[in-house]
Structure formats: structure tokens, C-alpha cells
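If you want the building blocks of each chain, they are given just below.
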There are 2 protein chains.
Amino acid sequence: MVKNDEFDLQNFLPYLLNQAAEQSSLEFQRIYKDRYGLLRTEWRVMFHLGMYGEMTAKQIGARAMTHKTKISRAVSRLAQRRYISRTRSENDRRAEVLALTPSGQSVYQELRGIAEDYDARLDRRFSRGEGALLRMMLRRLAGLDD
Amino acid sequence: MVKNDEFDLQNFLPYLLNQAAEQSSLEFQRIYKDRYGLLRTEWRVMFHLGMYGEMTAKQIGARAMTHKTKISRAVSRLAQRRYISRTRSENDRRAEVLALTPSGQSVYQELRGIAEDYDARLDRRFSRGEGALLRMMLRRLAGLDD
DNA sequence: GAATATTAGTTGTTTTTGTAACTAACAAGG
DNA sequence: CCTTGTTAGTTACAAAAACAACTAATATTC
């Protein structure tokens, strides 16, 4: 198994990003999955509602760059578990305003705490300035600053 | 939709990494998917074989941190399309030695060229040192340097 | 203000992935 | 050797994602 080529997969950004993303999600994923039975899109919905209060499925989808069918299914599962409430919007009766219920709030608070710790732990691998620079570069790549 | 909380999802590393990975893979993915009908694990297998020559499924899996069932399925689809050959190993008759066929080689060459261009293009968003630092940090997060 | 297009969200169907159980070959210990 | 354990890879089944077609409400245009 001898490398016979200049190109290196291990330096190809999309590959590297995917590996880093997968690896760094693993531990946190295990927590929201095993402990709360949540899927990735589900905790994302929870976090958006936790951070911004009321939002529609559409708004969440736009912000999280997630397809509406994924959001729709996440929302109905979360509503079933009474983590979120759905209220038909006054101005536009196609849309529903979503919000965390009290029990959703408490799950969110716990997960948020875990996320903060986890993030801080990942961050400890980098020096003060590096972490900020990394986030800046990732935001640029993700197109979040546009 | 007012932010009411100090925690910011947009700075949470696992989230950010996932978004950046997804976003930066998108264009390249469209190429290997639409143009060559390859799945992500499939092009990964192709790239590993292209870079290292002969490898077993096990070796590819270890290097790409990919589960053996995913590799197994990728390998059988690639073999079906005659992009790779499978030869039972001399020393260990459980294992198969995989290699690109000539037509696999040519697909690999094309994709590799596209990947190089694409990577260079992503890289142009960063200054000289930044790109190298980013890769270094990602490798650390991915656990590739261990 | 009816006809047409657009939008919010859902549902159904097909791919792809994850997980567990399996087969066949090898390794070690007695 | 021959039992027990491990390893390479496959297969079967369940969970999740992708994609297309749909319903119902709202906008637009003539």
C-alpha cells in the first residue's frame, strides 16, 4: 500500500470537513440520541426554538439549510412527544407557529448545557485565537455570513 | 424571532462543521453523483485505490473510518460497473485485494482533477497560512493525526 | 374576481444507511 | 488436531434520508 500520487485525500477540504464533522458530532449525537431519543434534525429544531422562541417550520428550514420534509417530520415527532406546540398562524393560515413546551424547554436546557460543555472541550484543543479563526473560516465555508 | 439566549448554534463546532461540510461538498458531490452515478462511499473507495494502489476492504475502511458494510456495498457496486477488480488474497483467503481497472483508473483521473480544481477554488477564500491552519485543525478534530 | 401561479407543509415511495446476525477463513491454546 | 475465539466480508432487516407528488392557503394577473 504505497502512495503513488501527489494528490492527498487527507488534505482535500470536503473530505476533511466531513471527517471532522462526523468525528466531532459523534459523542454529542450519542447523548441526544440514546438519552433523549432525538434525531439530528430534531435537536436542531429544538435548538432553533430554544434560541429564537417562536418560529415557523419554514424559518427553521431556511436558517438550518434543511429540506422542508425533514423539518416536517421532525416537527411532528417532536409535537407527538409534547416537546413543542404548534399553533396555526394568524396572518397566514398555511403556516404554523412552533414553540417549545415547558417539557421541551427543560430538555433544551439540559442539551444546551451539554452542548456548551462539549464545545468548550473541543475548543480546548486549540489556542485562544485558533478557535475563533476556525469558526470564522467554517462560517465562511458554510455560507452563514452571506 | 428574537434571540433570547447567549448560546449560539452558529458557533457550536459540531453544527458549524456539519454545515460547512455539507455546503462545501455540494458541488463536488453533484459531479460524481450526476456524472458518474457514484455514491459518497464509492468515490472514497475509488480515491483510496487511486492513491494507494491495491488495498483490501478492511484497509480502506480503517483509513476512511467507514463501517465495513458501507465499504462492502460500495465495493460490490464498483465491481459491478467494472471500475475495480477483486482478487482473493494469497495469504488470507478471507480477504480480497482490490484495485482499479483501466476504466476505473480513467474515472479516477478525471475525478481527481476535478477535486484538485475544486479544492484550490475553496482554498482561494483563505489567505496562504489560513488554509494550512484550517486543514491542520480539521485533521486534529477528525483524529487523522493520531 | 375568476384563473393561474406560488407557497407552507404533508404524505407516499424509493434509496441509502445502520445494526445485527451470519458464513467462511484463520489463530491460539490445550 | 480440535475446540474456542477472532477476523474479513456479506446479507437481511429496520431506521432514516431523498425525491416527487400532493393539499390547502395565499398572491398575482388579467
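Residues numbered from 1 in each chain as written. Chains lettered and ligands numbered in written order. Predicted model: local features only at pLDDT ≥ 70, side-chain atom pairs only at ≥ 80, totals over all residues.

> So what about the protein's contact with DNA strand C? Which residues, and what values?
Taken together, 21 residues form the shell around DNA strand C, and within it Ala57, Lys58, Ser72 and Ala95 of chain A together with Arg93 of chain B come nearest. Listing elements by their share of the surface near DNA strand C, those giving two or more residues are α3 (57-64) and α4 (68-80) of chain A together with α2 (40-52) and α4 (68-80) of chain B. Here the surface near DNA strand C takes 6 residues from α4 of chain A, the largest share from any one element. The class makeup of the residues in the surface near DNA strand C is 4 nonpolar, 7 polar and 10 charged. (Near = placed C-beta within 6 Å. Helix = DSSP H or I, 4+ residues; strand = E, 2+ residues; numbered from the N terminus. Nonpolar A, V, L, I, M, F, W, Y, C, P; charged D, E, K, R; others polar.)

> How would you summarise the pairing of strand β3 (residues 96-100) of chain B if you had to cite specific residues and measurements?
The pairing of strand β1 (residues 55-56) of chain B with β3 of chain B spans 2 bridges and is classified as antiparallel. Bridged to Thr56 of chain B within β3 of chain B is Val97 of chain B. (Pairing = 2+ DSSP bridges.)

> How would you sum up the environment of Arg81 of chain A? Please name residues and give values.
Here Arg81 of chain A lies in the loop between α4 and β2 (84-88). Placed 23 residues apart in sequence, Arg81 of chain A and Gly104 of chain A show a C-alpha to C-alpha distance of 8.8 Å.

> Can you break down the relation of the copies chain A and chain B residue by residue, with the values?
Mapping chain A onto chain B leaves a residual RMSD of 0.1 Å; the transformation is a rotation of 180° accompanied by 0.1 Å of translation along its axis. With respect to symmetry, the two chain copies, as superposed, fit the operation of a two-fold axis. With an isologous cut-off of 70% or more, the 100% of interface residues of chain A that recur at the interface of chain B puts this contact in the isologous class. (Least-squares fit on C-alpha atoms with pLDDT ≥ 70 in both. Contact = placed C-beta atoms within 7 Å.)

> How would you explain the protein's contact with DNA strand D if you had to name every residue and give the values?
The full set close to DNA strand D counts 21 residues, and Arg93 of chain A together with Ala57, Lys58, Ser72 and Ala95 of chain B are the nearest of them. Counting residues per element, the ones that place at least two in the surface near DNA strand D are α2 (40-52) and α4 of chain A together with α3 (57-64) and α4 of chain B. No other element matches the 6 residues that α4 of chain B contributes to the surface near DNA strand D.

> Help me get a handle on the pairing of strand β3 (residues 96-100) of chain A, residues and values and all.
Judged from the 5 bridges that link them, β2 of chain A and β3 of chain A form a sheet pairing that is antiparallel. For Arg88 of chain A, the partnering residue across the bridge sits in β3 of chain A and is Glu96 of chain A.

> So, the nonpolar core: which residues are in play, and what are the values?
Counting residues in each nonpolar core, the largest one holds 74 residues, and the members touching the most others are Leu17 and Met46 of chain A together with Leu17 and Met46 of chain B. In contact with Met46 of chain A, not counting residues within four places along its chain, are Leu78, Tyr83, Leu100, Gly104, Val107 and Tyr108 of chain A. (Core = buried A, V, L, I, M, F, W, Y, C linked by C-beta atoms within 7 Å. Buried ≥ 20, exposed ≤ 12 C-beta atoms within 10 Å, placed from the backbone.)

> Give me the interface of chain A and chain B: which residues, what numbers.
In this assembly, 49 residues from chain A lie in contact with 49 residues from chain B. Per-element accounting of the side of chain A that touches chain B gives the leading share, 12 residues, to helix α1 (residues 13-35) of chain A. Class assignment of the residues belonging to the side of chain A that touches chain B gives a composition of 26 nonpolar, 12 polar and 11 charged.

> Requested: an account of the packing of α2 of chain B against α3 of chain B, with residues and values cited.
The angle between the axes and the distance between the axes are what describe a pair of packed helices. Residues and elements named next belong to chain B. Between α2 and α3, the least distance of the axes is 10 Å, while the angle of their chain directions is 105°. Accordingly, the angle class assigned to the pair α2 and α3 is roughly perpendicular. Contact with α2, carried on its side by Arg44, Val45 and His48, involves Ile60, Arg63 and Ala64 of α3 and no other residues of that element. (Axes fitted to C-alpha atoms, helices over the stretch in contact; angles between N-to-C directions. Parallel < 35°, antiparallel > 145°, perpendicular 65-115°, else oblique.)

> Any chance you could break down the sheet that holds strand β2 (residues 84-88) of chain B for me, citing the residues and the numbers?
Paired through their backbone hydrogen bonds, the strands of a sheet run either parallel or antiparallel. The sheet built from 3 strands is open, its strands ordered β1-β3-β2 (chain B) with antiparallel pairing. Single-partner strands in this sheet number two, and they are β1 and β2 of chain B.

> Pulling in residues and values, what's your account of helix α5 (residues 102-123) of chain B?
In this model α5 of chain B runs 31 Å from its N-terminal to its C-terminal C-alpha over 22 residues, within 8% of the 32 Å that 1.5 Å per residue would give. Where α5 of chain B is buried, its residues touch α1 of chain A together with α1 (13-35), α2, β2 and β3 of chain B. (Expected span 1.5 Å × (residues − 1).)

> How would you summarise the packing of α1 of chain B against α5 of chain B if you had to cite specific residues and measurements?
Residues and elements named next belong to chain B. Between α1 and α5, the least distance of the axes is 11 Å, while the angle of their chain directions is 160°. One way to sum up the angle between α1 and α5 is to call them roughly antiparallel. In this structure, α1 crosses over α5, and the sense of that crossing is right-handed. Contacts from Ser24, Glu27, Phe28, Ile31 and Tyr32 of α1 reach α5 at Leu111, Ile114, Ala115, Tyr118 and Leu122. (Left-handed = near helix turned anticlockwise from the far one by under 90°.)

> I'd love a proper account of α1 of chain A, names of residues and values included.
In this model, α1 of chain A (23 residues) spans 33 Å end to end at C-alpha, consistent with the 33 Å of a helix rising 1.5 Å per residue. Along its length, α1 of chain A shows its largest kink, about 45°, at Leu26 of chain A. Taken together, the buried positions of α1 of chain A are occupied by Leu13, Pro14, Tyr15, Leu16, Leu17, Asn18, Gln19, Ala20, Ala21, Ser24, Phe28 and Tyr32 of chain A. Buried-residue contacts for α1 of chain A involve α2 and α5 (102-123) of chain A together with α1, α5 and α6 (128-142) of chain B. One or two positions beyond α1 of chain A, positive phi appears at Gly37 of chain A, with a value near 60°. (Bend = angle between axes of the 7 residues up to and from the residue.)

> Any details on the environment of Glu54 of chain B? Residues and values, ideally.
All names here are of chain B. Mapped onto the fold, Glu54 is located in the loop between α2 and β1. Residue classification places Glu54 among the partly exposed positions, given that 15 C-beta atoms sit within 10 Å. On a C-alpha basis, the gap between Glu54 and Arg77 in space is 18 Å, while along the polypeptide they are 23 residues apart.

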